[in-house]
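Here is what each chain is made of, one letter per residue.
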Amino acid sequence: MIVDCAVYREGRRRPGELPLERACEASQDADAFVWIGLYEPTEEEFDAVRREFDLHELAVEDAITAHQRPKLEAYDDTLLVVLKPAREAGSGAIELGEILIFIGDGFVITVRHGEAALHDVRLRTEERPDLLRCGPGAALYAIVDRIVDDYQPVIDAMDHAVQEVEREVFSASGTNPTEDIYRLKREVLQLHSAVAPLAEPLDRLARGRHDTIHSELHAYFRDAHDHLLRMIQQIESYRDLLTSVLTANLSQVTVRQNEDMRRISAWAAIIAVPTAIAGLYGMNFHHMPELDWALGYPLTLGLIALVCAVLYRYFRRIGWL
């Protein structure tokens, strides 16, 4: 359950392992905070952490069940931040995880669900003692910054997928990538639902509306917020572009269907000429035109060929064939 548990004093990690029973006591020291990392804990497993740090029951319920939207909520003196990391799973597919972060006076608790590695974030942050001196908010910023940065490769892969489907729609191959467009648009909407709601919590953190976050961190959160806004604009542009591509594809399908119908109608009109004449002579009446005339048969064939040729030329001229 507990991936890592460490105490940081004056921006540096104290050596040795920190038992959970001593974590709350260590968080009371001046210029120190505890960083606890958990992975998909059950209710029973998380109960010990809840009792040690007196976490609100509603926040604990969110951390256990997961499936929350990105948000920032305050429970007394504790902040709960929900983040949705994303990664590209191939062929334009996106996999989302979930990280819930409890920030309080002297502690930060991260609860991870799904594929979202935080060990590298911790190691990279431990190389910045100047940042860790700002307290638990520094750990929150490091996680937020990593997740926001990880959105960019996903957006780049999505950009490539959108260009590919756009190229296919406007190619001369005559394929119908409607299913691919709908699938890609669903992935775009999924990514938008993970990224866009995070803008408001980051704005609150950047504006310093919570005393738990050190004032020196406001500029860092503001930078992450600006980066996130640019990504949201990119994602929204892909959503609008896919809507336009889908409309264009449906229009092209309609045009191709109309062309097919015109082509079929033209050939049906040409074939109707010999069919009508053959049907007339097939009635076997005794007195029929040119029945006893030696040139009647070749004249009839010539008439059929002439009328069909005239119709064929006409339909070619108007673009039906």
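Here we summarise the structure given alongside this text. Please read these numbers as outputs of a predicted model, since none were measured by experiment. (Residues numbered from 1 in each chain as written. Predicted model: local features only at pLDDT ≥ 70, side-chain atom pairs only at ≥ 80, totals over all residues. Heavy atoms only, no water.)

**Focus on the pattern of salt bridges**
Part 1 of the argument: What the rule picks out here adds up to 15 salt bridges.
Part 2 of the argument: The partner of Asp47 in a salt bridge is Arg51, with the nearest N and O atoms 2.8 Å apart. Of this pair, Asp47 and Arg51 are both found in helix α2 (residues 43-53), four residues apart, which corresponds to roughly one turn of the helix.
Part 3 of the argument: Accessibility expressed as a relative area gives 25% for Asp47, which makes it partly exposed.
Part 4 of the argument: A salt bridge links Asp62 to Lys71; the shortest N-O distance between them is 3.1 Å. (Salt bridge = Lys/Arg side-chain N within 4 Å of Asp/Glu carboxyl O. Helix = DSSP H or I, 4+ residues; strand = E, 2+ residues; numbered from the N terminus. Buried < 20%, exposed > 50% of the residue type's maximum accessible area, 1.4 Å probe, protein only.)

**Some words on unusual backbone geometry**
Part 1 of the argument: The phi angle at Asp54 is positive, at roughly 50°, despite the residue not being glycine.
Part 2 of the argument: When you line up the elements, Asp54 lands in the loop between α2 and α3 (57-65).
Part 3 of the argument: Here Asp76, not a glycine, exhibits a phi torsion of approximately 60°, which is positive.
Part 4 of the argument: Within the secondary structure, Asp76 sits in the loop between β4 (71-75) and β5 (78-83).

**Details of the sheet that holds strand β3 (residues 32-39)**
Part 1 of the argument: Ordered in space as β2-β1-β3-β9-β8-β5-β4, the seven strands form an open sheet in which the pairing is mixed. If you trace the sheet from one side to the other, it starts and ends with β2 (12-13) and β4, each paired once.
Part 2 of the argument: In terms of strand pairing, strand β1 (residues 2-9) meets β2 through two bridges, oriented antiparallel. Along β2, the bridge assignment pairs Tyr8 with Arg13. (Pairing = 2+ DSSP bridges.)

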